[in-house]
Amino acid sequence: VQLQASGGGLVQAGGSLRLSCVGNGLTLDTYSMGWLRQAPGKEREFVAGIHWSDGSTKTADAVKGRFTISRDNAKNAVFLQMNGLRPEDTAVYYCAADRDTIVPIATSPYNYDIWGQGTQVTVSS
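Residues numbered from 1 in each chain as written. Predicted model: local features only at pLDDT ≥ 70, side-chain atom pairs only at ≥ 80, totals over all residues. Heavy atoms only, no water.

Enquirer: Could you clarify how one ought to interpret the side chain of Asp89 in this entry?
Expert: In this structure, Asp89 sits in the loop between β8 (77-82) and β9 (91-98). Not counting the four nearest positions on each side in its chain, Asp89 is found in contact with Arg37, Val63, Arg66, Phe67, Gly84, Val121 and Val123. (Helix = DSSP H or I, 4+ residues; strand = E, 2+ residues; numbered from the N terminus. Contact = heavy atoms within 4.5 Å.)

Here's what the structure looks like:
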């Protein structure tokens, strides 16, 4: 059972990337899903999340208006569309699943139970 994230890379400031997260042995539509990131020397932080039941989303203030989370249950995948990238967005991006089906979208990394391996996003100035 694992999550596999992909789509990271090197991009110039102002550019776009689309991250993908696929569940292997894990049916993602029964989990609330999140994207979190960790920059060197910094704590892991919430970027965006999508609720399992109604598809509602939550986005961190730092990326609001630039990043969009979505899911495709038919593909068993969750995506993070990142536009207007900035050097401060440079980090390893992780997708994660929250088993708790009652609470709203979690913003703390501690609420997520299953993690992917991470994909590096580097934004040059």
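Enquirer: When you look at the state of the cysteines in this model, what are you seeing that I'm missing?
Expert: Disulfide: a covalent bond formed between the sulfur atoms of two cysteine residues. Scanning all chains against the criterion turns up one disulfide. Paired through a disulfide, Cys21 and Cys95 show a sulfur-sulfur distance of 2.1 Å. Between Cys21 and Cys95, the disulfide has an S-S torsion of 65° and is therefore right-handed. Of this pair, Cys21 sits in strand β3 (residues 17-24) while Cys95 sits in strand β9, and the two are 74 residues apart along the sequence. Both residues of the pair, Cys21 and Cys95, belong to the buried class. (Disulfide = S-S within 2.5 Å. Buried < 20%, exposed > 50% of the residue type's maximum accessible area, 1.4 Å probe, protein only.)

Enquirer: Is there a simple way to think about the nonpolar core in this case?
Expert: Side chains of a nonpolar character, in soluble globular proteins, are inclined to be buried together. One finds Leu3, Met33, Trp35, Leu80, Met82 and Tyr93 to be the most contacted residues of the largest nonpolar core, which totals 36 residues. Among the elements that line this core, the one with the most residues is β9, at five residues. When near neighbours in sequence (up to four residues on either side) are disregarded, Met82 contacts Gly15, Ser16, Leu17, Leu19, Arg66, Phe67, Tyr93 and Val121. (Core = buried A, V, L, I, M, F, W, Y, C linked by side-chain atoms within 4.5 Å.)

Enquirer: In this structure, what is going on with the sheet that holds strand β1 (residues 2-6)? I would like to understand it.
Expert: In any sheet, the strands associate via hydrogen bonds between backbone groups, in a parallel or an antiparallel arrangement. Taken together, four strands build an open sheet; the order of strands is β1-β3-β8-β7 and the sheet is antiparallel. Edge positions in the sheet fall to β1 and β7 (67-72), since each has one partner strand and no second. Strand-to-strand twist of the sheet, defined as the mean angle between neighbouring strand axes without regard to direction, takes the value 15°. (Pairing = 2+ DSSP bridges. Axes fitted to C-alpha atoms, helices over the stretch in contact; angles between N-to-C directions.)

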